[in-house]
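# Structural features, examined
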Amino acid sequence: MKFCRRHAIVALALFVVEICIALFVRDRIVRPFVGDLLAVMLVHFALRATLPLGPRMAAGIAFMVAVIVELGQLIGILHWIGLADNPIARIVFGTGFDPLEFAAYAAGALVAIAVDRSGPRTP
């Protein structure tokens, strides 16, 4: 296992921003789309902080996680597992399928790669 402090700091900063969006933003653009873009970036940087993955692999995994969560929304996975009334699960996993969010996930993966590559190289 490895630990990259720079990536961990970025992941933590993104986590704080995501919490602020979840708690304080109630709109039709920032919360659903910018929040999704940032969520993919958060997963990307968390992966890069803890696993020996390159930027493209981490972005690909983060994108796949987001797609799986979105497909879970499509089939109502929170109802199936008994968490439909859990406010934390509803925030983390979302409640409504929107195919437009796939574009936000792809953008998040691309932005994560660009941001990652713009910083100093890590071993």
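One can find the structure itself at the top, above this paragraph.
Given the structure is predicted, the values throughout are model-derived calculations rather than measurements.

Tallying each qualifying case throughout the model produces two aromatic pairs. Seen in terms of ring centroids, Phe-97 and Phe-102 are 6.0 Å apart; in terms of plane orientation they differ by 65°. Their pairing is edge-to-face. Here the aromatic rings of Phe-102 and Tyr-105 are separated by 6.1 Å at their centres, their planes lie at 80°, and the arrangement is edge-to-face. Highlighted residues: Phe-102 and Tyr-105, both in helix H6 (residues 101-118), separated by three residues, approximately one helical turn. Residue Tyr-105 is classed as buried on the basis of its relative accessible area, which comes to 5%. Grouped by ring-pair contacts, the aromatic residues Phe-97, Phe-102 and Tyr-105 constitute a single cluster.

This part takes up the layout of surface pockets. Here the largest pocket defines a volume of roughly 1,000 Å³. Taken together, 32 residues make up the lining of the largest pocket; nearest its centre are Asp-36, Ile-91, Val-92, Phe-93 and Gly-94. Contributing elements (two or more residues each) for the lining of the largest pocket: helix H1 (5-24), helix H2 (30-50), helix H3 (55-75), helix H5 (87-93) and H6. Ranked by residue count, the leading element in the lining of the largest pocket is H2, at eight residues.

A separate point is the side chain of Glu-101. For Glu-101, the location among the structural elements is in helix H6. The buried charged residue Glu-101 lacks any salt bridge, with Arg-31 as its nearest oppositely charged partner at 9.2 Å. Every residue in contact with Glu-101, bar those within four places of it in the chain, is listed here: Pro-32, Phe-33, Asp-36, Glu-70 and Gln-73.

Conventions adopted
- Residues numbered from 1 in each chain as written.
- Predicted model: local features only at pLDDT ≥ 70, side-chain atom pairs only at ≥ 80, totals over all residues.
- Heavy atoms only, no water.
- Phe/Tyr/Trp six-rings, centres within 6.5 Å; stacked < 30°, edge-to-face > 60°.
- Helix = DSSP H or I, 4+ residues; strand = E, 2+ residues; numbered from the N terminus.
- Buried < 20%, exposed > 50% of the residue type's maximum accessible area, 1.4 Å probe, protein only.
- 1 Å grid on protein atoms, 1.4 Å probe; cavity = no way out; pocket = protein on both sides within 12 Å on 5 of 7 lines; lining within 4 Å.
- Points joined across faces, edges and corners; volume = space filled by probe spheres on them.
- Lys, Arg positive; Asp, Glu negative; His and termini not counted.
- Salt bridge = Lys/Arg side-chain N within 4 Å of Asp/Glu carboxyl O.
- Contact = heavy atoms within 4.5 Å.

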